[in-house]
Amino acid sequence: MMKPEPSDLDQDKSDGHVILKRALIGLGGGLALIFIAGMIAGFASAVIDAENSASMLDAVILAAMLAAALAIGYAMWRFWPRGINEPEAPRIKSARLITIVVAIVSVPLGVLVAMADGSASNALSNAPVSPVIATASTALWLIAVPVLSLMWWRRVDEHEAGAYREGAFVAVHAYLFLVPSWWMASRAGWLPEQDPMIVLLIVSAVWTVVWFLKRYF
C-alpha cells in the first residue's frame, strides 16, 4: 500500500513549526548568551577592581561562566531545526558556521575590552585602554569583521539576504532620524550629550530585530 503524499496544508504546518522553533531557540539562546556575557564582564571588572589579586576560586567561576556560554552555543547549534525534507546546501552550512565563529569571538573580545587595564568598567566606557587592546580590537573591526561579513553574505540564500537588506534599510533610516534629533535635543539640554557607541547599539538592535522578524515570521 502506497504511503499518501503530505498535503500542502500539512507542509505549511510543518514549516510553521520549524520557523517557530527556530525563533524560540534564536531568541532564548541569544538572550541567555547576552546575559552570560554581561555577567562575565561584570565579574571580571569586579575582580580587577578589587585590591587583592585574583584567586583560584575567581578563575574557576570565570571558567564556569565561559563553559556555560559555550554549552548554550553548542545546544543552539545542536537543536536548531534543519527543516522538513530540505537538505541544506554546503554554503548555507558554511554561513551558519561563520555566524557561530563571530559569536564565539565576540564574547571574549567584549570581556577583554571591559577588563582592559582595569580602567574600563564596561565595554562602552570611554576610559583609556592599553595600545595592545586598542590594536587588537581595531584590527578585528577593520579586517576580521569585514572579511567574515563578506564571506557570510556570499553564502546566504535569497530569503536571508532579503531579511538582512530590509533590516539594514530600517536601521539606516533609524540612524538618520535618531542622530540629528538627539543632537538637537542635547543642545537644548533635554538629553545628555550623544554617545556614538550607544547610538551604534540602538541602530544595531533595530537592524537585528527587523532581520529576525523578516527571517523567521
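Look up: the structure comes first, before these words.
Residues numbered from 1 in each chain as written. Predicted model: local features only at pLDDT ≥ 70, side-chain atom pairs only at ≥ 80, totals over all residues. Heavy atoms only, no water.

**Here we look at the overall build of the chain**
No. 1: Secondary structure assignment for the chain yields 6 helices and 0 strands.
No. 2: Walking the chain from its N terminus toward its C terminus, one meets helices and strands in the order α-α-α-α-α-α.
No. 3: Considering only contacts within the chain whose residues lie at least 6 apart along the sequence, 67% involve residues at least 24 apart.
No. 4: Per element, the accessible surface of the chain, about 14,800 Å² overall, is 71% carbon and sulfur. (Helix = DSSP H or I, 4+ residues; strand = E, 2+ residues; numbered from the N terminus. Contact = heavy atoms within 4.5 Å. Areas by Shrake-Rupley, 256 points an atom, 1.4 Å probe, with all protein chains shown as cover.)

**Description of the side chain of glutamate 160**
No. 1: Within the fold, glutamate 160 resides in helix α5 (residues 158-187).
No. 2: Accessibility expressed as a relative area gives 10% for glutamate 160, which makes it buried. (Buried < 20%, exposed > 50% of the residue type's maximum accessible area, 1.4 Å probe, protein only.)

**Focus: the pattern of salt bridges**
Any two side chains of opposite charge can pair if their charged atoms end up close together.
No. 1: Inspection of the entire model under this criterion finds 1 salt bridge.
No. 2: Between glutamate 166 and lysine 214 there is a salt bridge, and its shortest N-O distance comes to 3.6 Å. With glutamate 166 in helix α5 and lysine 214 in helix α6 (residues 196-216), this pair connects stretches of sequence that are 48 residues apart.
No. 3: Take glutamate 166: its relative accessible area is 36%, and that puts it in the partly exposed class.
No. 4: When its relative accessible area of 40% is taken as the criterion, lysine 214 is described as partly exposed. (Salt bridge = Lys/Arg side-chain N within 4 Å of Asp/Glu carboxyl O.)

**Overview of helix α4 (residues 131-153)**
No. 1: For α4, with 23 residues, the first-to-last C-alpha span of 32 Å sits near the 33 Å given by 1.5 Å per residue.
No. 2: Bending of α4 peaks at approximately 35 degrees at the position of leucine 140.
No. 3: Every buried residue of α4 is accounted for by Ile133, Ser137 and Trp152. (Expected span 1.5 Å × (residues − 1). Bend = angle between axes of the 7 residues up to and from the residue.)

**Things to note about α6**
No. 1: Under the 1.5 Å per step criterion, the end-to-end length of α6 is 30 Å for 21 residues, consistent within 8% with the ideal 30 Å.
No. 2: Those residues of α6 not exposed but buried are Val199, Val203, Val210, Phe212, Arg215 and Tyr216.
No. 3: Sitting at the head of α6, aspartate 195 places a side-chain oxygen 2.9 Å from the backbone nitrogen of methionine 197. (Polar contact = N/O pair within 3.5 Å; in protein donor to acceptor, adjacent residues only side chain to side chain.)

**Focus on the packing of aromatic side chains**
Each aromatic ring pair is summarised here by two numbers: the centre-to-centre distance and the angle between the ring planes.
No. 1: All chains considered together, the criterion is met by 5 aromatic pairs.
No. 2: Put simply, the rings of Trp152, Trp153, Tyr164 and Trp207 touch in pairs and so form one group of aromatic residues.
No. 3: The ring of phenylalanine 79 carries the charged tip of arginine 78 above its face, separated from the ring centre by 5.7 Å. (Phe/Tyr/Trp six-rings, centres within 6.5 Å; stacked < 30°, edge-to-face > 60°. Lys NZ or Arg CZ within 6 Å of the ring centre and 35° of its normal.)

**Remarks on the nonpolar core**
No. 1: Membership of the largest hydrophobic core is limited to 11 residues, which are Ala23, Ile25, Leu33, Ile36, Ile40, Met65, Ala69, Met76, Trp80, Phe212 and Tyr216.
No. 2: Contributions of two or more residues to this core are made by α1 (8-49), α2 (56-79) and α6.
No. 3: Looking at which element gives the most residues to this core, the answer is α1, with 5 residues. (Core = buried A, V, L, I, M, F, W, Y, C linked by side-chain atoms within 4.5 Å.)

**Looking at the environment of aspartate 157**
No. 1: With respect to the element layout, aspartate 157 can be found in the loop between α4 and α5.
No. 2: Aspartate 157 sits 66 residues away from arginine 91 along the chain, and the two C-alpha atoms are 8.7 Å apart.
No. 3: Aside from chain neighbours lying at most four places away, what touches aspartate 157 is Arg91, Ile92 and Arg215.
No. 4: Reaching out from aspartate 157, the side chain makes a polar contact with the backbone nitrogen of glutamate 160 at a distance of 2.8 Å.

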